[in-house]
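Chains, contacts and geometry: an overview
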Amino acid sequence: MLKLRVIFGGRYYVVNLPDYCNTYPSLLLMIHQVLSLWTAHWATLVQRVGIAVMPIADELWSNKMLGSESYSKIKAAATYQEKMRVLGDVLHSGGNAVKSAFYSGLEKHAACLLRDLSLNPTAECYLESLDEYKKWIQREYEFVTEYNSLPGEHVLLSERYIQPLIVMRHREKNERTQELCFKGEGFQQFISSENHAEKGNNVLDALFSADSKGICPAAVILQGNSGKGKSFTAQKIMLDWASVCLSRENFDCVFHLKCKELNQISEEQSLVEILSFNSNLKPDQILQILQSLPKRVLVLIDGFDELKFSLSDASKKSLPNNLSEKAPPDASLTALLRGCILPESFLLVTSRSTTTDTLSALLKKPQRFTEIIGFSEREVEEYFQKFFQDEELFRNAYESVKANENLFTACSSPVICWIICTVIRERFNDGADVTNILETTTSIYVGFVFTLLEHHCQGLSESVPTLLKSLGQLAEKGLLERQVLFDEKSVKKAVSDQSGSPFLGKLLFKKRTRQETMFSFMHLSFQEFFTALYYVLDEKEFDCKLTKWFHSDLPEYHFFPVVQFLCGLCNKEVSGLLKETHNVSVPPSVQAQLKEWILYFRPTHYLRYILLCLYELHEKDFVQEAVESWQEMDMSWETLSRTDCWTLVYCLECCPHFRRLNLSFAAEELKMLQSVLCRTPELKLDVQNLADTDVSDLISALGEEKLLRALRLDSKGLSDQSVRQILHALHKQKTVGGLQIAVKNISADTVLLLTDFIQNIEKWDEIGLWTNTDCTNPESLCSGLQLFNTDGIFALHAVWLCLTPQKAPSLSEIILRYPHSEKSSMNLKNFLQDFHDINCLTED
């Protein structure tokens, strides 16, 4: 028996070579290859096997060459390097057969790696540099500095980053229009339904995966509006690669070029010098890596739209043709994009939509277009939860935002999420009530616009007020013409620097045999916001357009959001910020006309918009003056949205002695409305989707000693226990005008509850019970029951409905009227039991 002493994984092992290796040289050759591989390249194997380690371990385990305990340790290891080290520690105990199987697994699952190691015996030379580079990236990219961070402050990327939705195709014009116009939950449902990269998958796997024809892209464009998360996604990709969290075997080295930093380069630079600009590697180290791994390199270029030099001009120059050749930075970068240098490398370029067409013309082929569309509802919730890390604060903050249609829509932008969460945390730290921590919608939009102006709008060719006015003029034109997509001619006429503005997106569509270029604001709500800014910046336009609107009996519906934002801009805190930051003053006449309109405009159908305006204005004394001038608040004609509910709560908290409310709302809003309902003396309520679990909230909201003019409780059917609780609570009211309850079943017990109620309450007008089913249930005495108590007359109306598959539907009803004085002699249970029995006999 031959024995070899070898070094494997930093340890000495004795390997037995059977005598028949002399007879079978192929087997001896394989074992020689295995030993050579382990002794010379073990460190490289640990670093580069990557995802291949688990398929190899799976095969060893399934062939009973790996014990269950060792296999479990390998699976439990956090990184691929750790998995390889565990595998290296246990392989030697399995003998030569296991080592040969391991080598076969490498041939099957990591063939490229084996080829590299066999052809490149000096692979270890650059490995140390690469390892140090990864450690540097882990240190540099683990944290993020936020817009408002003080010197030395930072947060973990993992505490802020949520993978946004990424669409892997160009979208049609009608899709764009729908996305721009939908609001609230409708918007969230729409973007969630888009065909996007699967959540949970690695971003690079999705971006560089093969298409339906089996073609993988060499270059990927990742487009997105300002604030959608392009740079965060780039940072996450870098950190994942350095931490060996990426599963793609293609990329052994990833370089990150930040275009904002490249603008600082003035002298000629080679490509390796440019790649070292955002790296701890020296140009000669990068050159060694690139020469060793030309096919395994990904260059991530972030913020192409921020480049100040023109690459289209550089394409006309003589381009460098090797890694070390010095050239103007635009020429070196163009050579990389075109594939003149590193032709087998991969490129991922992020950009705003305003430069996507220019970028596409420069990039090598094959290309793929992708677009970040931001957060869906699930990502918004996850972001809030990560940000606050406090369940109560997170839940209240998230529910508050979800109740605001405009803000919930705008939260598709991660920057908006950050602004809202930052403001809420600050208000909470200042002692604000956890249930009242959200600022006005306008203040959030102003914060977003100012954030983009400061951090995403370098090198403006005009003043901020001029830019805002030109954007507002374009926005107003679109609203007046009912359009959210603008042709290139209109945009050029209104905005001098379209590509420099972070507030407009550029969209390309196919139109017959040519391309059509269109522009849009990030969402219709931002178009409405900029229209309001325009009226503040141009008082003459305000007087010309809005004065007529204010005096109309039926003002145009689509301008209400603009008026809402105008009220928000008149808010003292917001108007002070506008003046302080960009010297924009809100004319006093604008606020005066808004207040006059609010005080004298009365149509019930527009009341919800008036409440929104009052909330945005946020002046307690004026809100109280406006609300107290109303005799009754009737919002029953349409079910209240969550936005309606919290604006109603705010306005009535400013006016605690308001007397009459007529509302229609879903049972899930009971908790929000509870304080308002409890202190209002007169109520008419239509509560929808009420369940047994909501009854306690309803009773708390009703309180006591009310003039309950009407109460309608619609549901899938309340139990007798819930009916008993509700009737008991109604005993404590001064009067009950009309009561309608959907119940599971009108049984004898239900009727007894009702009988007890009408005999013990003095004032009631009408009581109705109905079921959502027919009388096939043997306990059902009837399908519907109405009791009337008016003008000294007691009346009863009972309905029997029977639906069976075997017979035709049957319907019977009975109406009784008799003097109120004889009510006590009426045995309602016995009467309905007889009614039930007669109908059953008829059915038989």
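Predicted model only: the values in this text are computed from it and were never measured. (Residues numbered from 1 in each chain as written. Predicted model: local features only at pLDDT ≥ 70, side-chain atom pairs only at ≥ 80, totals over all residues. Heavy atoms only, no water.)

**Description of the overall build of the protein chain**
The cut-off we apply is this: Helix and strand definitions here come from DSSP, where helices need a minimum of 4 consecutive H or I residues and strands a minimum of 2 consecutive E residues; each element is numbered from the N-terminal end. Throughout this description, buried means an accessible area under 20% of the type-specific maximum (1.4 Å probe, protein chains only), exposed means over 50%, and partly exposed covers the range between. Pairs of residues are marked as contacts when any of their non-hydrogen atoms sit within 4.5 Å.
Looking only at helices and strands, one finds 37 helices and 22 strands in the protein chain. When the 844 residues of the protein chain are sorted by exposure, 55% land in the buried category. A sequence separation of at least 24 residues applies to 70% of the contacts in the protein chain between residues at least 6 apart.

**Brief notes about helix H19 (residues 391-402)**
In plain terms, the rule: By this rule the span expected of a helix is its residue count minus one, scaled by 1.5 Å.
Its 12 residues place the ends of H19 16 Å apart at the C-alpha level, agreeing with the 16 Å of an ideal helix rising 1.5 Å per residue. Buried residues along H19 sit in contact with helix H18 (377-388), helix H20 (405-410), helix H21 (414-429) and helix H32 (642-653).

**Thoughts on the sheet that holds strand S12 (residues 504-511)**
Inclusion rule: Pairing between two strands requires that DSSP report at least two bridges joining them. Orientation is described by axes fitted as lines to C-alpha atoms, over the contacting stretch for helices, and by angles from 0 to 180 degrees between their N-to-C directions.
Taken together, 3 strands build an open sheet; the order of strands is S11-S13-S12 and the sheet is antiparallel. The open sheet is flanked by strand S11 (486-487) and S12, the only strands paired with a single partner. When S11 meets strand S13 (residues 514-521), the two strands line up antiparallel, connected through 2 bridges. Bridged to Asp-487 within S13 is Met-518. In the packing of helix H23 (residues 464-480) onto the sheet, the strands contacted are S11, S12 and S13, and the crossing angle to S13 comes to about 105°.

**Some details on the nonpolar core**
In globular proteins that are soluble, nonpolar side chains generally tend to be buried together. Selection criterion: The term nonpolar core refers to a set of buried residues drawn from Ala, Val, Leu, Ile, Met, Phe, Trp, Tyr and Cys, joined through side-chain atoms within 4.5 Å.
Ranked by internal contacts, the top residues of the largest apolar core, which has 170 residues, are Phe-384, Leu-614 and Met-633. For Phe-384, the contacting residues outside a window of four places in its chain are Phe-394, Ala-397, Tyr-398, Val-401, Cys-411, Cys-417, Ile-420 and Cys-421.

**Observations concerning the pattern of salt bridges**
Any two side chains of opposite charge can pair, on the condition that their charged atoms come close. What counts here: Any carboxyl oxygen of Asp or Glu within 4 Å of a side-chain nitrogen of Lys or Arg constitutes a salt bridge here.
Applying the stated criterion across every chain yields a total of 34 salt bridges. With a shortest N-O distance of 2.9 Å, Lys-595 and Glu-619 are connected by a salt bridge. Of the two residues, Lys-595 sits in helix H29 (residues 588-600) while Glu-619 sits in the loop between helix H30 (607-617) and helix H31 (620-628), which places them 24 residues apart along the sequence. Across the salt bridge formed by Arg-608 and Asp-644, the nearest N and O atoms sit 2.9 Å from each other. Residue Arg-608 is found in helix H30, and its partner Asp-644 is found in helix H32; the two are separated by 36 residues along the sequence.

**Structural notes on the packing of helix H27 (residues 560-570) against H30**
To keep it simple, the criterion reads: An angle below 35 degrees is treated as roughly parallel, one above 145 as roughly antiparallel, one from 65 to 115 as roughly perpendicular, and anything else as oblique. Crossing handedness is defined as follows: a turn of the near helix away from the far one that is anticlockwise and smaller than a right angle gives a left-handed crossing, while the clockwise case is right-handed. When residue character is reported, Ala, Val, Leu, Ile, Met, Phe, Trp, Tyr, Cys and Pro are called nonpolar, Asp, Glu, Lys and Arg charged, and the others, Gly included, polar.
Put simply, H27 and H30 touch, their axes get as near as 7 Å, and they point 20° apart. One element, H27, and the other, H30, form an angle in the roughly parallel class. As H27 runs across H30, the sense of the crossing is right-handed. Taken together, the residues of H30 that come into contact with H27 (itself represented by Phe-560, Val-563, Gln-564, Cys-567, Gly-568 and Cys-570) are Tyr-609, Leu-612, Cys-613, Glu-616 and Leu-617. Grouping the constituent residues of the contact of H27 with H30 by class yields 8 nonpolar, 2 polar and 1 charged.

**Points about the packing of aromatic side chains**
Where we set the bar: Ring geometry is summarised as follows: Phe, Tyr and Trp rings, the Trp one being its six-membered ring, pair when their centres sit within 6.5 Å, and such pairs are stacked at plane angles under 30 degrees, edge-to-face over 60 and tilted between the two. By the criterion adopted, a ring carries a charge over it if an Arg CZ or a Lys NZ lies within 6 Å of its centre and within 35 degrees of its normal.
With the rule as written, the count across this model stands at 41 aromatic pairs. With a centroid separation of 4.7 Å and 10° between ring planes, the pair formed by Trp-61 and Tyr-71 is classed as stacked. Remark: Tyr-71 occurs in helix H3 (residues 68-76) and Trp-61 occurs in helix H2 (residues 53-62); sequence separation between them is 10 residues. On the accessibility criterion, Trp-61 (39% relative accessible area) is partly exposed. Each ring, one from Trp-549 and one from Phe-560, has its centre 5.0 Å from the other, and the planes form 75°; the classification is edge-to-face. Of this pair, Trp-549 sits in helix H26 (residues 539-550) while Phe-560 sits in helix H27; the two residues are 11 residues apart in sequence, bridging distant segments of the chain. Each of the two residues, Trp-549 as well as Phe-560, counts as buried. A connected cluster of aromatic rings, assembled from ring pairs, spans Tyr-445, Phe-448, Phe-486, Phe-503, Phe-521, Phe-526, Phe-529, Phe-530 and Phe-565. The ring of Trp-241 carries Lys-134 above its face, with NZ or CZ at 5.0 Å from the centroid. The positively charged end of Lys-595 is found above the aromatic ring belonging to Phe-622, 5.2 Å away from the centroid.

**Brief notes about helix H28 (residues 572-582)**
Here is the rule: Throughout, the arc means that of the directions going from the helix axis to the C-beta atoms. A 3.5 Å cut-off defines polar contacts: any pair of N or O atoms within that distance qualifies, except that in protein one atom must be a possible hydrogen donor and the other a possible acceptor, and neighbouring residues in sequence count only when both atoms are side-chain atoms.
Every buried residue of H28 is accounted for by Val-574, Ser-575, Leu-578 and His-582. Buried residues of H28, viewed axially, fall in a sector of 100°; they line one side. Of the exposed residues in H28, those oriented more than 90 degrees away from the buried face are Lys-572, Glu-573 and Glu-580. Elements in contact with the buried residues of H28: helix H22 (441-455), H23 and H27. The opening residue of H28, the one whose side-chain oxygen lies 2.9 Å from the backbone nitrogen of Glu-573, is Asn-571. Following H28 by one or two positions, Asn-583 adopts a phi angle in the positive range, close to 55°.

Purely spatial values, then, with no claim about function.
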